[in-house]
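Spelled out from the first residue to the last, the chains are:
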Amino acid sequence: MSQHVIGHTFNENLYKMLVDIVSKHALIRIVKEFDRVNVEDFYSERCGCVLRRTHRLPCACELAIYVMSVIPLNEVHVM
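The sections below set out a description of the structure shown in this document.

Conventions used here
Residues numbered from 1 in each chain as written. Predicted model: local features only at pLDDT ≥ 70, side-chain atom pairs only at ≥ 80, totals over all residues. Heavy atoms only, no water. Helix = DSSP H or I, 4+ residues; strand = E, 2+ residues; numbered from the N terminus. Buried < 20%, exposed > 50% of the residue type's maximum accessible area, 1.4 Å probe, protein only. Contact = heavy atoms within 4.5 Å. Areas by Shrake-Rupley, 256 points an atom, 1.4 Å probe, with all protein chains shown as cover. Salt bridge = Lys/Arg side-chain N within 4 Å of Asp/Glu carboxyl O. Core = buried A, V, L, I, M, F, W, Y, C linked by side-chain atoms within 4.5 Å. Polar contact = N/O pair within 3.5 Å; in protein donor to acceptor, adjacent residues only side chain to side chain.

1. What to know about the overall build of the protein
Along its length, the protein carries four helices and zero strands. Mapped in sequence order, the helices and strands of the protein form the string α-α-α-α. By residue count, 35% of the 79 residues in the protein fall in the buried class. Sequence-distant contacts in the protein: of pairs separated by 6 or more residues, those separated by 24 or more amount to 43%. Looking at the protein as shown, the accessible area adds up to about 5400 Å², and 55% of this sits on carbon and sulfur atoms.

Here it is, written out as structure tokens:
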């Protein structure tokens, strides 16, 4: 992904508390995971929470509650 595309993606209100604090690598993972929420047949029961278990980042079922708001910084592990 180019810097322009990454910068444009993170200008959304959803990510405003994470930009410049969370690494771009983590932000890209969160964006990809959030895209799973928008899939028509997404069910939180089938999430698997892989991103939460492996990277300590919010998974799709956790991100689903922030569709119309902002992802808070405390959703992301400090490391």
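From this point, the discussion proceeds with the structure in view.
2. Here we look at the pattern of salt bridges
Two side chains with opposite charge may pair up if their charged atoms get near one another. One pass over the structure, following the stated rule, counts three salt bridges. Note that Arg 52 is salt-bridged to Glu 62, the shortest N-O span being 3.0 Å. One end of the pair, Arg 52, is in helix α3 (residues 50-55); the other, Glu 62, is in helix α4 (residues 60-63), and ten residues separate them in sequence. Here Arg 52 ties to Glu 75 by a salt bridge, and the two come within 3.2 Å at their closest N and O atoms.

3. As for the nonpolar core
One finds Tyr 15, Leu 18, Ile 30 and Ile 71 to be the most contacted residues of the largest nonpolar core, which totals 20 residues. Put simply, the parts of the chain that give this core at least two residues each are α2 (24-37) and α4. No other element matches α2, which puts six residues into this core. If sequence neighbours within four positions are ignored, Leu 18 has contacts with Leu 27, Ile 30, Ile 71, Pro 72, Leu 73 and Val 76.

4. Notes on the environment of Arg 36
In this structure, Arg 36 sits in helix α2. Exposure remark for Arg 36: the relative accessible area of 29% places this residue in the partly exposed category. Between the C-alpha atom of Arg 36 and that of Leu 63, which follows or precedes it by 27 residues, the distance is 9.5 Å. Excluding residues that lie within four positions of it along the chain, Arg 36 makes contacts with Phe 42, Arg 46, Cys 47 and Ala 60. Polar contacts involving the side chain of Arg 36 include one to the side chain of Glu 33, which spans 2.8 Å.

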